[in-house]
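# Notes for the structure review
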Amino acid sequence: QQIRCESSGINAEYGGNALEGSWQLVPGGLRRVSKGRSGIWGVNKHHHIFVLSANGQSWQRVPGALVHIASGSEVWGVNSNQDIFVRRQNQWKHIPGKLTNIDVSNSGEVWGVNAGGNIYRRQGNGWQLIDGKAVQVSVGESGVLGCQQKR
């Protein structure tokens, strides 16, 4: 499946194989959305957190406030203070560090970027600084991709 958000941040959509089918509208108004083994999660412009129901037709609000969310083996997120959280046992657990962007793979690899553009990888209970600069990272089966800010 592929996930996308309208550029205006108003509608979240999902669909099957984009090469073989069409997009289907899912009600809601998300700014960010992520799909992984932990489900389909999103955040709206008010920093409210939502998870898509099993039937794929409605969103359930989850307590907390995040500006960025990532679904993989677990759900990770970042709030407006750049604080990092992971969802464990239906609770948000604060993780030391500061990031503006975070991603998690279905195999549990967690990568992020801070406000200075530094790239980090989660190693045990800490963060390993990775050479390079980025504003966004994405981690999955094919590896890790980073986006640099246009110069």
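Reading the values: rules and limits
- Residues numbered from 1 in each chain as written.
- Predicted model: local features only at pLDDT ≥ 70, side-chain atom pairs only at ≥ 80, totals over all residues.
- Heavy atoms only, no water.
- Buried < 20%, exposed > 50% of the residue type's maximum accessible area, 1.4 Å probe, protein only.
- Helix = DSSP H or I, 4+ residues; strand = E, 2+ residues; numbered from the N terminus.
- Pairing = 2+ DSSP bridges.
- Core = buried A, V, L, I, M, F, W, Y, C linked by side-chain atoms within 4.5 Å.
- Contact = heavy atoms within 4.5 Å.
- Phe/Tyr/Trp six-rings, centres within 6.5 Å; stacked < 30°, edge-to-face > 60°.

### Digging into the pairing of strand S8 (residues 68-71)
Across the two faces of S8 the burial is the same, with His68 and Ala70 and Ile69 and Ser71 all buried. Here S8 runs beside strand S9 (residues 75-78); their pairing, made up of four bridges, is antiparallel. Across the sheet, the residue bridging to Ala70 is Trp76, located in S9. The turn joining S8 and S9, which pair antiparallel and follow one another in sequence, is formed by three residues.

### A look at the pairing of S9
In S9, alternate side chains face the same way, and those of Val75 and Gly77 on one face and Trp76 and Val78 on the other are all buried. Bridge count between S9 and strand S10 (residues 83-88): four bridges; the pairing is antiparallel. The residue bridging Gly77 from the neighbouring strand is Phe85, located in S10.

### Regarding the nonpolar core
Within soluble globular proteins, side chains that are nonpolar tend to cluster in buried spots. Counting eleven residues, the largest nonpolar core consists of Ala70, Trp76, Val78, Ile84, Val86, Ile95, Leu99, Ile102, Val104, Val110 and Tyr120. Residues contacting Val86, with those up to four places away along its chain left out, are Glu74, Val75, Trp76, Gln91, Trp92, Lys93 and Ile95. Val62, Leu66, Ile69 and Val75 belong to the second-largest nonpolar core, a separate cluster that totals ten residues.

### Considering the packing of aromatic side chains
All chains considered together, the criterion is met by two aromatic pairs. Summarising the aromatic geometry, the rings of Trp76 and Trp127 are spaced 6.3 Å apart at their centres and angled 80° between planes, so their arrangement reads as edge-to-face. On the criterion of sequence distance, the pair formed by Trp76 in strand S9 and Trp127 in strand S15 (residues 126-133) is long-range, its members being 51 residues apart. Here Trp76 falls in the buried class, since its relative accessible area comes to 2%.

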